[in-house]
Amino acid sequence: MVPLLLVLPLAVILFGAGFAVKILWWVALAVLVVWLLGFVMRSTSAGGGRGRWDRW
């Protein structure tokens, strides 16, 4: 019984970490898509040229 109680929290932590890493990959992919869309669809400046890709 004691080994089971020692292994069970470890399995829960590893499962939670794996789920969190998978969610972080999806978030990173969504941020990449938004960044690429912003890079491609950036507005033009008054002179007709492209503006800077960063806004800060």
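**Focus on the overall build of the chain**
Helix and strand counts for the chain stand at 1 helix and 0 strands. Among the 56 residues that make up the chain, the fraction classed as buried is 4%. Element-wise, carbon and sulfur atoms account for 81% of the exposed surface of the chain, whose accessible area totals about 5300 Å².

**Quick look at a nonpolar patch on the surface**
On the surface, a nonpolar cluster with roughly 1000 Å² of combined accessible area is contributed by Trp26, Leu29, Leu32, Val33, Trp35, Leu36, Leu37, Phe39, Val40 and Met41. Among the structural elements, Leu32 can be located in helix 1 (residues 2–40).

**A few points about helix 1**
With 39 residues, helix 1 should reach 57 Å at 1.5 Å per residue; the first-to-last C-alpha distance of 58 Å fits that figure. Helix 1 sits mainly on the outside: 0 of its 39 residues count as buried.

About the cut-offs
Here the residue numbering is sequential within each chain, running from 1 through the sequence in written order. Only residues with pLDDT of at least 70 get local features here, since the model is predicted, and only at 80 or more are side-chain atom pairs given and counted; chain-wide, interface and lining totals rely on the full set of residues. Working from all heavy atoms in the structure, the side-chain values ignore hydrogens and water. A run of H or I in DSSP becomes a helix once it reaches four residues, and a run of E becomes a strand once it reaches two; helices and strands are each numbered from the N terminus. Think of it in three bands: with a 1.4 Å probe and only protein chains considered, a residue is buried below 20% of the maximum accessible area for its type, exposed above 50%, and partly exposed in between. The protein chains shown are the only cover counted for residues, whose accessible areas, like all others here, come from Shrake-Rupley with a 1.4 Å probe. Think of a patch as exposed residues, more than 30% relative accessible area, with no salt bridge, where like charges cluster within 9 Å and nonpolar side chains (Val, Leu, Ile, Met, Phe, Trp, Tyr) cluster within 5 Å. We define a salt bridge as a side-chain nitrogen of Lys or Arg found within 4 Å of a carboxyl oxygen belonging to Asp or Glu. Expected helix span is given by 1.5 Å per residue-to-residue step, counting one fewer step than there are residues.

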